[in-house]
Amino acid sequence: MEKNTSNSKGIDPMLILGKAVDMSVSMRGGDFPLGAMPMKIQRIVREANDCYGYPVDYLAGAMLVALGLGVGNTHFARLKGKWDESAILFMALVGRPGACKSHPLNFAIRPFSDIDGVNNSVFQKELAEYNRQCELPMKERTVAHPILPVNKRFLISDATPEAMMLIHSHNLRGICMWNDELAGWFKNFNRYNKGSDEEYWLKLYNANPIFSDRKGAKDSVYIGRPFVSVVGTIQNGILNELAQGSRSSNGFIDRLLFVIANNQDKQAWSDKEPSFDIEASWAEIIGRLVDMPYKTDEDGKVIPTILGFSPEAKTRLYQWQRENTEDCNREENDALKGVFSKFDFHAIRFCLIIQMARWACGEADKTEIDLISVENAISLVDYFKATATRVQGIIQDLSLSELQRAVIAALPEEFTTEQGVEIAIANSMAERTFKDFVKRFTGIHFQKVRHGVYAKL
């Protein structure tokens with residue numbers, strides 16, 4: 001049994017003055033702010049990193065999605081009025097082939113795949129009994145009109161939108177699209193119809209009501225508040241495919257959170273054994289979330305518990321939002337401007353997930369979202385803003401022409417606009433084309449040092 005490291009007030013002792021202490025510095029896997037997670041989860045991640053070589057970034061990132069799925073539609077964060085955010089996240093674990101992305105993802109999701117396995121076994125038995133009853137003469141039936149059982153699931157991997165909504169209708173608490181290779185997810189957009197699947201997924205991210213009635217009124221499905229998260233892996237080399245078509249202009253890619261481990265080298269095996277059962281400990285945390293009682297209305301719709309923000313937490317969140325707004329307004333790159341603007345929503349969702357995770361770990365209550373959860377959410381936002389910038393750089397780099405690459409290579413580390421124009425013209429790039437090129441790639445390949453002066457990134 002793990003030692004409870006929280007104090008009587010539910011305050012994490014590793015948090016100082018409301019600031020999360022980053023425990024990831026000395027571990028393989030990069031700069032994910034592991035201190036934003038509850039202590040029990042930090043300990044699991046450290047053990048998995050030390051004993052199995054799971055990169056901290058990939059495991060902790062996937063855990064965020066799993067924690068959100070555990071919350072589902074049972075709890076919403078309310079900033080003001082009727083502005084409620086659920087724990088929906090769309091996340092991609094980015095890395096080269098062999099960067100150990102799949103194993104951490106599978107570890108984080110396993111509690112739900114285990115639950116689905118148990119539910120499927122029950123469903124198969126109930127289905128066999130249903131079929132047996134239907135084949136019996138009416139007078140021999142135990143139940144005159146047997147009810148077709150449903151297979152309640154949390155996870156899906158490949159389904160048409162109609163099939164996914166049907167599965168979701170059997171579990172209104174929430175489901176997750178789990179694809180080991182996310183390319184299979186977005187490459188299948190519009191495979192089954194000629195509509196816009198990007199718009200469909202945008203609605204799901206925003207938890208807008210969803211209708212599915214293409215097979216006729218008899219098979220219609222309506223979900224007033226859908227909860228569908230997405231998580232999977234993607235290789236660096238195909239990130240540009242994610243940004244193709246309308247996905248780069250309709251805000252679809254802006255809603256994806258990207259996890260990138262700084263160290264993606266293959267690691268030698270460690271002979272160290274875990275000091276405790278990390279799988280069971282993680283399953284226990286998820287189990288506490290999944291087992292939370294919740295109310296439903298007469299139609300079976302989940303009635304969420306609303307979590308407001310404490311006064312100091314709300315003050316801090318509003319302060320952060322003003323800072324993020326300034327970042328957006330200063331940003332010259334349109335792609336990054338769109339990405340940064342979506343973090344207003346990500347931040348609230350992180351607040352909810354962290355507060356509920358701390359409750360599941362015995363480190364806080366869940367009556368409201370407190371300052372510690374807001375501070376930890378902000379540290380997560382900082383990380384994901386940085387990875388979003390890196391991903392945009394990868395995407396833009398993959399799309400660079402030979403001429404653009406040649407000009408970048410010829411430019412000094414710091415240059416004035418006039419110097420850059422001279423070098424561009426010498427490499428057969430027109431002045432206007434060069435200026436547009438610098439403006440487009442500022443924040444990705446170039447950084448504005450001061451007026452008329454740029455540096456290469």
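These numbers come from a predicted model, not from an experiment.

A. Looking closely at the overall build of the chain. Check the secondary structure of the chain and you find 15 helices and 18 strands. In the chain, buried positions account for 51% of the 457 residues. A total accessible area of about 21,200 Å² is found for the chain, and carbon and sulfur atoms account for 52% of it.

B. Representation of helix α11 (residues 343-360) within the structure. Between its first and last C-alpha, α11 extends 25 Å over 18 residues, near the 26 Å set by a 1.5 Å rise per residue. Most of α11 is tucked away, with 17 of its 18 residues classed as buried. A positive phi of about 75 degrees marks Gly 362, the residue just after α11.

C. Expanded view of the pattern of salt bridges. Enumeration according to the criterion identifies 11 salt bridges in this entry. Counted as one network, the salt bridges with shared partners bring together Asp 327, Arg 330 and Lys 385.

D. Region of interest: the pairing of strand β17 (residues 446-450). Relative to strand β18 (residues 453-456), β17 runs antiparallel, the two sharing 4 bridges. From the neighbouring strand, Arg 450 faces β18, where its bridge partner is Val 453. Adjacent in sequence and paired antiparallel, β17 and β18 are bridged by 2 residues, among which Gly 452 carries a positive phi angle near 80 degrees.

E. Structural view of the nonpolar core. Core analysis: the largest hydrophobic core is formed by 133 residues, its most contacted members being Leu 64, Trp 201 and Phe 384. Beyond its immediate stretch of four places on either side in the chain, Phe 384 contacts Phe 32, Leu 64, Met 91, Leu 257, Phe 258, Val 259, Phe 343 and Phe 350.

F. Examining the sheet that holds strand β16 (residues 414-416) more closely. The strand order across the open sheet built from 3 strands is β16-β18-β17, with neighbouring strands paired in antiparallel fashion. With one partner strand each, in any of the chains shown, β16 and β17 form the two edges of the open sheet. If you compare each strand with its neighbour and ignore which way they point, the axes differ by 35 degrees on average. Contacts from helix α14 (residues 417-426) reach β16 and β18 within the one sheet, and its direction differs from that of β16 by about 95 degrees.

G. Spatial organisation of the packing of aromatic side chains. Considering all chains together, one arrives at 20 aromatic pairs under this definition. Aromatic pair Phe 437 and Phe 446: ring centres 5.6 Å apart, planes at 90 degrees, arrangement edge-to-face. An identical accessibility class is assigned to Phe 437 and Phe 446; each is buried. Lying over the aromatic face of Trp 359, Lys 366 brings its terminal NZ or CZ to 5.1 Å of the ring centre.

H. Geometry of the sheet that holds strand β15 (residues 368-369). The strand order across the open sheet formed by 4 strands is β4-β3-β14-β15, and the pairing between neighbours is mixed. The open sheet has two edge strands with one neighbour each: β4 (83-85) and β15. Where strand β14 (residues 305-309) and β15 come together, 2 bridges link them in parallel fashion. For Phe 309, the partnering residue across the bridge sits in β15 and is Ile 369.

I. Main features of the packing of helix α1 (residues 39-52) against helix α8 (residues 278-290). Contact pair α1 / α8: the axes reach a minimum separation of 10 Å and the direction vectors enclose 150 degrees. Classed by the angle they form, the pair α1 and α8 counts as roughly antiparallel. Crossing of α1 over α8 shows left-handed handedness. On α8, the residues touching Lys 40, Ile 41, Ile 44, Glu 47, Ala 48 and Tyr 52 of α1 are Ile 278, Glu 279, Ser 281, Trp 282 and Ile 285. Of the residues that constitute the contact of α1 with α8, the class distribution is 7 nonpolar, 1 polar and 3 charged.

J. Focus on the confidence of the model for the chain. Here the chain shows a mean pLDDT of 86. Residues at 70 or above account for 88%. Under a pLDDT of 50 for its full length, residues 1-30 has, in the predicted model, 70 contacts with residues more than four places off or in other chains.

K. Molecular detail of unusual backbone geometry. One non-glycine residue, Ala 207, lies in positive phi territory at about 60 degrees. Note that Ala 207 resides in the loop between α6 (197-205) and β8 (210-212). A positive phi angle, near 70 degrees, is found at Ser 428, a position not held by glycine. Inspection of the secondary structure assignment puts Ser 428 in the loop between α14 and α15 (431-441).

Thresholds applied
Position numbers for residues count from 1 along each chain, tracking the sequence in the order it is written. Residues qualify for local features only when their pLDDT is at least 70, as the model is predicted, and side-chain atom pairs are given and counted only at 80 or more; totals for whole chains, interfaces and linings, by contrast, use all residues. Computation of side-chain values: all heavy atoms of the structure, hydrogens and water removed. Each helix corresponds to a stretch of at least 4 residues labelled H or I by DSSP, and each strand to a stretch of at least 2 residues labelled E; elements are numbered beginning at the N terminus. The classification of residues rests on relative accessible area computed with a 1.4 Å probe and restricted to protein chains. Under 20% of the type maximum is buried, over 50% is exposed, and intermediate values are partly exposed. Using the Shrake-Rupley algorithm and a 1.4 Å probe, accessible areas are obtained, with residue cover drawn only from the displayed protein chains. Working rule for helices: expected span equals 1.5 Å times residues minus one. Salt bridges, as used here, are contacts in which a Lys or Arg side-chain nitrogen is within 4 Å of a carboxyl oxygen on Asp or Glu. What makes two strands pair is DSSP finding at least two bridges between them. To qualify as a nonpolar core, a set must consist of buried Ala, Val, Leu, Ile, Met, Phe, Trp, Tyr and Cys residues joined through side-chain atoms within 4.5 Å. It only takes one pair of heavy atoms within 4.5 Å for two residues to be counted as in contact. Here an angle of 0 to 180 degrees is reported between the N-to-C directions of two axes, which are lines fitted to C-alpha atoms, with helices fitted over the stretch in contact. Ring pairs are drawn from Phe, Tyr and Trp, using the six-membered ring of Trp, whenever the two centres fall within 6.5 Å, and their geometry is named by plane angle: stacked under 30 degrees, edge-to-face over 60, tilted for the rest. Whether a charge sits over a ring comes down to the Lys NZ or Arg CZ being within 6 Å of the ring centre and within 35 degrees of the ring normal. Comment on the angle field: the value is read as roughly parallel under 35 degrees, roughly antiparallel over 145, roughly perpendicular from 65 to 115, and oblique elsewhere. Note on convention: the crossing is left-handed when the near helix lies turned anticlockwise from the far helix by less than a right angle, right-handed when the turn is clockwise. Residue polarity is assigned by list, with Asp, Glu, Lys and Arg as charged and Ala, Val, Leu, Ile, Met, Phe, Trp, Tyr, Cys and Pro as nonpolar; anything else, Gly included, falls into the polar class. Here pLDDT means the predictor's own confidence in every residue, given as a number from 0 to 100.

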